[in-house]
Amino acid sequence: MHNYRENIGLRRHILIVDDEMINREILGNLLSAEYEVHFAENGEEALKILRGREHIYSLILLDLLMPVMDGFTLIDIIKNDEKLRAIPVIVMTSETDAEVKSIKLGAADFITKPYDMPEVILARCERIIELQEDKSLIHAAERDHLTGLYIKDFFTEYIRQIEKYNPDHSRDLMVLNIEHFHLINELYGRSEGDNVLICIADILSGIFKSIDAIGCRTEADYFYMYAENGLDYEGILKQILAGLSATCPSYHVRLRIGVYPDVDKTLLAENWIDRAKTACDRIRGDYSRHIAIYDNEFYEKSKYQERLINDIDDAIASKDLLVFYQPKYYIQGEKPTLKSAEALIRWKHPELGMISPGDFIPLFESNGLIQKLDRYVWNEVAQQIDRWKKDYGVSIPVSVNVSRMDIYSPRLREEFLELLEANNLSAKELMLEITESAYADNAEQLVNVIENLRNDGFIIEMDDFGSGYSSLNMLTTIPIDALKMDMKFIRNMQKDEKSMKLVELVLDIAKFLHIPVIAEGVETEEQMMLLKERDCDIVQGYYFSRPVPADEFTKFFSDMSA
């Protein structure tokens, strides 16, 4: 900054406040070569000069004993004035007691009278000005301009300073996030989004004001707090939500909190943040939970999931991901006949053994890796259908899953068409299951994607119908070729009349739409017969077979209808 000022010819302004003319002249002559020098004869005159022009002054040289208003009074006024307090004050005195008192009041330094060492005066003025300018730059850089909380780099540095001097205190790291914050900006405007951020920051500052804590805002809608251990985070969340409700009553704000309690002091502050943020992010979209605690169980689960994420590429390259096939049987003839199959993924890890799909599929759905997994399955299935045709002369249609993430791929249709061409398949041999939850995300885009795929000849099945996202209106607007009834219906239909009525309702809806129903999870002959009596078309489940590897699936070929 000093070199920059010199290069462009800027001169700092100094105000000399002294009732003795000779002192003003001595200091003025000494400093005028380097600075623009202004003068006042007492504290009152100095205030008149400073008011409204405080931003131009880099330093005040202040005598203490003056008429009208003395230096002590002026220092006290400057210290308590938000605009003036940024100007450093050097006291000019010959009394040791006055020096101590002025420093305690807020003076930055003192110069001893008489002024017999000009080079010392110049050096002290330059040092105090540069220190104040550096302090101002740091203060401007360390704070988030919107909320006034620390930015992340300064937050972690201050944590290190806290731990340096208080290493034995038990503390927590809390991360708070606003769920779907971008929607607030899009629906209500960025200014309203800023208001929400400011409101949360103000509430957090109020809550933690009386607690040994510091706060940070980062990544737009994340807030970090480093505070004493054992706080009531449920209560904190309620206070924030109550404050938001009072400030922003026109829309609902959902928050989630991750806490890493009693942080491990052998780790870095960045590791503490990562653990609290991991806990916070793991409950994204989980409307049954608002607070997650990072503990040993969470740590082990996080390590396990991180291992799965890191190993996915090796699993694909080594074909440790196995595609199993579960037969689907048409049951409305004299005897059940093999109609098609569903592809189901299994992971045989070389070290961890068989990994449940429930462990890795939701994980990959949450981080986007599901697309990589889906494409692996699509390729494996397409190649297998082609092999069965060549080796056994039979065409077995197989349904594959198309996740919500896949729907947004601009090349989805081209990918499937390329897959058919590469494996000599027709569109009807590779059926597409779209999970019901995808129908609730972006219905308009989904309709366009499905219509294009159906125009290419693909058969579209709505998977998990009735699992919680159903909209009967969607069934009238979104083109599908089959409904897959969620297996929970099948499990409960013999337990009570209400569950059976729901099964019948789904079958009636499908009949009205002129599309078949595929019942999943059929385990007993009694279940199969009940569904057959109610005109269910196709069933799959352990009654016929568990999912099996491709080479075992060939035993079902004899069950195919001519």
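Residues numbered from 1 in each chain as written. Predicted model: local features only at pLDDT ≥ 70, side-chain atom pairs only at ≥ 80, totals over all residues. Heavy atoms only, no water.

*Asks:* Please explain the packing of aromatic side chains as it appears in this structure.
*Replies:* The way to describe two aromatic rings as a pair is by their centre distance and the angle between their planes. In total, this model carries 20 aromatic pairs according to the counting rule given. Between the aromatic rings of Y150 and Y158, the centroid separation amounts to 4.7 Å while the plane-to-plane angle is 40°, which identifies the pairing as tilted. Judged by centre distance (4.4 Å) and plane angle (40°), the rings of W378 and F416 are tilted. Taken together, the residues span a long stretch of sequence, with W378 in helix α14 (residues 370–392) and F416 in helix α16 (residues 412–422) at a distance of 38 residues. (Phe/Tyr/Trp six-rings, centres within 6.5 Å; stacked < 30°, edge-to-face > 60°. Helix = DSSP H or I, 4+ residues; strand = E, 2+ residues; numbered from the N terminus.)

*Asks:* Honestly, the packing of α14 against α16 in this entry has me stumped. Any pointers?
*Replies:* For any two helices packed against each other, one specifies the inter-axial angle together with the distance between the axes. One way to put it is that α14 packs onto α16 with a least axis distance of 10 Å and a crossing angle of 25°. The orientation of α14 with respect to α16, classified from their angle, is roughly parallel. For α14 against α16, the interelement crossing comes out right-handed. Across the interface between the two elements, R375, W378, N379 and A382 from α14 touch L412, E415, F416 and L419 from α16. Tallied by class, residues from the contact of α14 with α16 come to 5 nonpolar, 1 polar and 2 charged. (Axes fitted to C-alpha atoms, helices over the stretch in contact; angles between N-to-C directions. Parallel < 35°, antiparallel > 145°, perpendicular 65-115°, else oblique. Left-handed = near helix turned anticlockwise from the far one by under 90°. Contact = heavy atoms within 4.5 Å. Nonpolar A, V, L, I, M, F, W, Y, C, P; charged D, E, K, R; others polar.)

*Asks:* Just checking my understanding: could you explain the pattern of salt bridges for this structure?
*Replies:* Scanning the entire structure with this criterion turns up 39 salt bridges. Between E429 and K389 there is a salt bridge, with its nearest N and O atoms 3.2 Å apart. With E429 in the loop between α16 and β15 (430–435) and K389 in helix α14, this pair connects stretches of sequence that are 40 residues apart. The class of K389 is partly exposed, set by a relative accessible area of 27%. It is possible to trace a salt-bridge network through shared partners that takes in E179, R254, R256, K277, D281 and R284. (Salt bridge = Lys/Arg side-chain N within 4 Å of Asp/Glu carboxyl O. Buried < 20%, exposed > 50% of the residue type's maximum accessible area, 1.4 Å probe, protein only.)

*Asks:* What is the right way to read α14 from this model?
*Replies:* Working note: α-helix, 3.6 residues per turn, so residues spaced by three or four point in the same direction. For α14, spanning 23 residues, the distance from its first C-alpha to its last is 32 Å, which sits close to the expected 33 Å at 1.5 Å a residue. One or two positions beyond α14, positive phi appears at G393, with a value near 70°. (Expected span 1.5 Å × (residues − 1).)

*Asks:* Help me out: how do you make sense of unusual backbone geometry in this one?
*Replies:* A positive phi is found at D262, a non-glycine position, where the angle reads about 50°. Mapped onto the fold, D262 is located in the loop between β9 (255–260) and α11 (269–282). Notably, N424 is not glycine yet its phi reads approximately 55°, a positive angle. Within the secondary structure, N424 is located in the loop between α16 and β15.

*Asks:* Quick question: what am I supposed to make of the nonpolar core here?
*Replies:* Across soluble globular proteins, you tend to see nonpolar side chains buried next to one another. Core analysis: the largest hydrophobic core is formed by 80 residues, its most contacted members being Y325, V381, F416, L483, L531 and F553. Broken down by element, this core gets its largest block of residues, 9 residues, from α14. For L531, the contacting residues outside a window of four places in its chain are I331, Q332, I490, M493, V503, A519, V522, C536 and V539. Counting residues in hydrophobic clusters, the runner-up holds 32 residues, among them L149, C199, I211 and L237. (Core = buried A, V, L, I, M, F, W, Y, C linked by side-chain atoms within 4.5 Å.)

*Asks:* Teacher, can you tell me more about the pairing of strand β6 (residues 171–178) here?
*Replies:* On a regular strand, one side chain projects to one face of the sheet and the next to the other, so that they alternate. With 8 of 8 residues buried, β6 lies mostly within the body of the structure. Burial along β6 is two-sided: R171, L173, V175 and N177 facing one way and D172, M174, L176 and I178 facing the other are all buried. Note that β6 and strand β8 (residues 222–228) share 7 bridges and pair antiparallel. Bridge pairing in β8 links L173 to Y226. In the sheet, β6 pairs with β9 via 6 bridges, with the strands oriented antiparallel. Counted as the bridge partner of V175 is G258 from β9. (Pairing = 2+ DSSP bridges.)

*Asks:* What am I meant to see in the packing of helix α7 (residues 152–165) against α11 here?
*Replies:* As a packed pair, α7 and α11 sit with axes 9 Å apart at the nearest point and diverge in direction by 115°. From α7, K152, F155, T156, I159, R160 and E163 reach across to α11, where they touch A269, E270, W272 and I273. The residue inventory of the contact of α7 with α11, partitioned by class, reads 5 nonpolar, 1 polar and 4 charged.

*Asks:* How do you make sense of the sheet that holds β6 when you look at a structure like this?
*Replies:* In sheet architecture, strand pairing relies on hydrogen bonds along the backbone and comes in two forms, parallel and antiparallel. Ordered in space as β7-β8-β6-β9-β10, the 5 strands form an open sheet in which the pairing is mixed. Either end of the sheet is taken by a strand with one partner, and the two such strands are β7 (214–218) and β10 (291–293). Pairwise comparison of adjacent strand axes, ignoring direction, gives a mean angle of 20° for this sheet.

*Asks:* Would you explain helix α9 (residues 190–207) in this entry?
*Replies:* Along its 18 residues, α9 runs 26 Å from first to last C-alpha, staying within 8% of the 26 Å computed at 1.5 Å per residue. Of all the residues in α9, the buried ones are G193, V196, L197, C199, I200, A201, I203, L204 and I207. Residues of α9 that are buried make contact with β6, α8 (181–188), β7, β8, α10 (233–247) and β9.

*Asks:* Would you explain the side chain of D172 in this entry?
*Replies:* For D172, the location among the structural elements is in strand β6. A distance of 2.6 Å separates polar atoms of two side chains, one belonging to D172 and the other to N229. A polar contact of 2.8 Å, which involves the side chain of D172, links it to the backbone nitrogen of D262. (Polar contact = N/O pair within 3.5 Å; in protein donor to acceptor, adjacent residues only side chain to side chain.)

*Asks:* Just to check I follow, could you spell out the pairing of strand β14 (residues 398–402) for this structure?
*Replies:* Taken across its 5 residues, β14 has 4 buried, putting it largely inside the fold. By the bridge criterion, 2 bridges tie strand β12 (residues 337–349) to β14 in an arrangement that is parallel. By the bridge assignment, A341 is partnered in β14 with V398. Judged from the 5 bridges that link them, β14 and β15 form a sheet pairing that is parallel. Its bridge partner lying in β15, N401 is registered against E433.

*Asks:* Looking at this model, I keep getting lost on the sheet that holds strand β3 (residues 57–63). Mind explaining?
*Replies:* Pairing in this open sheet of 5 strands is parallel, and the strands run β2-β1-β3-β4-β5 from one edge to the other. Each of the sheet's edge strands pairs with one partner strand only, and the pair in question is β2 (36–40) and β5 (109–112). Each adjacent strand pair in this sheet contributes to an overall mean axis angle of 25°, direction not counted. By the bridge criterion, 5 bridges tie strand β1 (residues 13–17) to β2 in an arrangement that is parallel. Across the sheet, the residue bridging to V17 is A40, located in β2.

*Asks:* Before we go on, may I ask you to explain the environment of W272 in this structure?
*Replies:* Here W272 is to be found in helix α11. Here the alpha-carbon distance between W272 and D262, two residues 10 residues apart in the chain, equals 9.8 Å. Ignoring any residue separated from it by four or fewer positions in sequence, one finds W272 in contact with I159, E163, L173, Y226, Y260, V263, D264, K265 and L267. In this structure the side chain of W272 is engaged in a polar contact, spanning 2.7 Å, whose partner is the backbone oxygen of D264.

Spatial relationships are all this shows, so hold off on functional conclusions.
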